Every structure is written in structure tokens, then in C-alpha cells.
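Architecture at a glance
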Amino acid sequence: AQSVAQPEDQVNVAEGNPLTVKCTYSVSGNPYLFWYVQYPNRGLQFLLKYITGDNLVKGSYGFEAEFNKSQTSFHLKKPSALVSDSALYFCAVRDEGNAGNMLTFGGGTRLMVKP
Amino acid sequence: EPEVTQTPSHQVTQMGQEVILRCVPISNHLYFYWYRQILGQKVEFLVSFYNNEISEKSEIFDDQFSVERPDGSNFTLKIRSTKLEDSAMYFCASRAGQGRREKLFFGSGTQLSVL
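The rules behind the values
- Residues numbered from 1 in each chain as written.
- Chains lettered and ligands numbered in written order.
- Predicted model: local features only at pLDDT ≥ 70, side-chain atom pairs only at ≥ 80, totals over all residues.
- Heavy atoms only, no water.
- Contact = heavy atoms within 4.5 Å.
- Buried area = accessible area lost by both parts, 1.4 Å probe.
- Salt bridge = Lys/Arg side-chain N within 4 Å of Asp/Glu carboxyl O.
- Polar contact = N/O pair within 3.5 Å; in protein donor to acceptor, adjacent residues only side chain to side chain.
- Helix = DSSP H or I, 4+ residues; strand = E, 2+ residues; numbered from the N terminus.
- Nonpolar A, V, L, I, M, F, W, Y, C, P; charged D, E, K, R; others polar.
- Buried < 20%, exposed > 50% of the residue type's maximum accessible area, 1.4 Å probe, protein only.
- Core = buried A, V, L, I, M, F, W, Y, C linked by side-chain atoms within 4.5 Å.
- Disulfide = S-S within 2.5 Å.

Quick notes on the interface of chain A and chain B
Facing the 22 residues of chain A at the interface are 22 residues of chain B. Taken together, the two surfaces of chain A and chain B that pack against each other cover about 1900 Å², and 53% of this comes from carbon and sulfur. In this structure, the connection of chain A to chain B is made through one salt bridge. Where Glu102 of chain B meets Arg94 of chain A, a salt bridge forms, and the shortest distance between an N and an O atom there is 2.6 Å. Counting the contacts that link chain A with chain B gives five residue pairs in polar contact (both at pLDDT 80 or more). Counting only elements with at least two residues in the side of chain A that touches chain B, the list comes to strand S5 (31-38), strand S6 (44-50) and strand S10 (87-95) of chain A. Broken down by element, the residue count for the side of chain A that touches chain B peaks at four residues, all from S5 of chain A. In terms of residue class, the side of chain A that touches chain B is built from eleven nonpolar, eight polar and three charged.

Digging into the environment of Ser27 of chain B
Residues and elements named next belong to chain B. Relative to the assigned elements, Ser27 resides in the loop between strand S3 (19-24) and strand S4 (31-37). On the basis of relative accessibility, which here comes to 73%, the residue Ser27 falls in the exposed class. In sequence terms Ser27 and Gly72 are 45 residues apart; their C-alpha atoms lie 9.0 Å from each other.

Concerning the pattern of salt bridges
Residues and elements named next belong to chain B. Under the criterion given, the structure shown has five salt bridges over all chains. A salt bridge links Asp86 to Arg36; its shortest N-O distance comes to 3.9 Å. With Asp86 in the loop between strand S8 (75-79) and strand S9 (88-95) and Arg36 in strand S4, this pair connects stretches of sequence that are 50 residues apart. Residue Asp86 shares its accessibility class with Arg36, and that shared class is buried.

Comments concerning the nonpolar core
Judged by nonpolar contacts, the single largest core of 27 residues is most densely connected at Trp35, Leu47, Leu48, Phe74, Leu76 and Tyr89 of chain A. Contributing elements (two or more residues each) for this core: strand S2 (10-14), strand S3 (19-21), S5, S6, strand S8 (64-68), strand S9 (73-78), S10 and strand S12 (109-114) of chain A. With four residues, S10 of chain A is the largest single contributor of residues to this core. Counting residues in hydrophobic clusters, the runner-up holds 23 residues, among them Val19, Phe32, Phe75 and Phe105 of chain B.

Focus on the state of the cysteines
Covalent bonding between the sulfur atoms of two cysteines is what defines a disulfide. Residues and elements named next belong to chain A. Per the counting criterion, the structure on display carries two disulfides over all chains. With its sulfur 2.0 Å from that of its partner, Cys23 forms a disulfide with Cys91. Across the S-S bond linking Cys23 and Cys91, the dihedral sits near -60°, which makes this disulfide left-handed. Remark: Cys91 occurs in strand S10 and Cys23 occurs in the loop between S3 and strand S4 (24-26); sequence separation between them is 68 residues.

Some details on unusual backbone geometry
Here Thr7 of chain B and Pro8 of chain B are connected by a cis peptide whose omega angle stands at -10°. Note on placement: Pro8 of chain B falls in the loop between strand S1 (5-7) and strand S2 (10-13). Not every positive phi belongs to a glycine, and Tyr61 of chain A is a case in point at roughly 60°. Tracing the backbone through its elements, the reader meets Tyr61 of chain A in the loop between strand S7 (56-58) and S8. Positive phi, close to 55°, is recorded for Asn51 of chain B, a residue that is not glycine. Considering the arrangement of structural elements, one finds Asn51 of chain B in the loop between strand S5 (43-50) and strand S6 (53-57). According to the relative accessible area criterion, Asn51 of chain B is exposed, its value standing at 59%.

The structure is reproduced here in C-alpha cells:
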């Protein structure tokens, strides 16, 4: 079985400050980890992924995420938040051995960046 | 960047009616998915489709649901007899490969309202 937890329903940060959106996962094999962002009335947009290799992954719009195997975490980070980063962020995982290749999504974290 | 397109953007139907949600995945993609998101809740996997057959489905995807790729470009989700609890945003997604090339592209969704 595979699962994802996003412990924070909402994260508030001031523009220009660093932001972190937390994600922890559980899989029986090797994890493939993803972050997606959803703007109002839009679909999910891919931000970044970890498949293998460097634990620090850089993605779109200045976001990055760090894979931590011992803590089973994949937190999303950005050094300096923008008001336009305000959106709903989803962490997702699939087990490498998952034959159907389905992603399991976390419940989402709403990021609010205030000017 | 290539896009997954979904039609219609909104669909209103009466309980018990059949609906067909349509999707045009990205042309060279091989793996196709349907997910749904009930208002305010997490994104849930419905079904994955590869090589003209279902590769995995969730418990949500019961006998009332079916998928089809009728002509090599469209990918449809049919709900035979809609229920109130089927009201949700339905997302189609597709991807090309696995592993390092793995990246799921989502459409903008079809908002289904069952009255």
C-alpha cells in the first residue's frame, strides 16, 4: 500500500520569506514522489519529482524539494515566496513496484502568501 | 507545452442519467488515467489504462463506471447511472514513460454536478 500525508491544511507566509510545505509518505518499495500545484478552477500542474539520484530536486517557479529517506519526507520549499505562489499544493507518491502506476495524493495544503 | 484537453468543462445531469466525460490525451502518451476531486477533498484515483485495457482501478470505479479509447485519440469516462455522490471534478491525465521520464499531465477537469 502507498499513502501520503500533508499535515498542514494551510500555510501562511509573508512575501519574500522562505516557505515550506510538508509531506510524508509510506510505500513498501522505492518511492516516486511528486509535487503538483492547483490554481483556482484549473487542473493540476506538475512542479517537480524525485525518482532517483540527488535528494534535492529543483522544479518549476523556483520550487525545490528534499527527499529524506530516513524521515520518509519530501517537503516542498522555496527561498523567497511570491504572492502569485498562493495556491493549493499536492504531494503524491507511487511505489516503484506499483503495476498500475497510480499516484496517491495527499489531502493538499493551501499556501497563502501575503504581501 | 503540450496539453491534455477535457470536454465539457461543466456538466449538469439528473440522477440516474448517463454521462460521458471526454478527454484528449497528449498524442504520444501511452498511459491514461481518470482521477476525481470532490469539493474540498483530496484527489482520488479512479482508473488507469494502458495498451487498450484497464491496468488498475480503485474501489470507487464500480460497475457503473467504464472507460474507452474508441479511436486512438479520445479517452472517455462513462458513468452509466449517476448518483448524487458522483458530483465532483473529474480529471483526465496522461503520461509518456516511466521512471526518469515519468510526469503526469492533467487536464483542466470536468465539473460534474448531479442533481
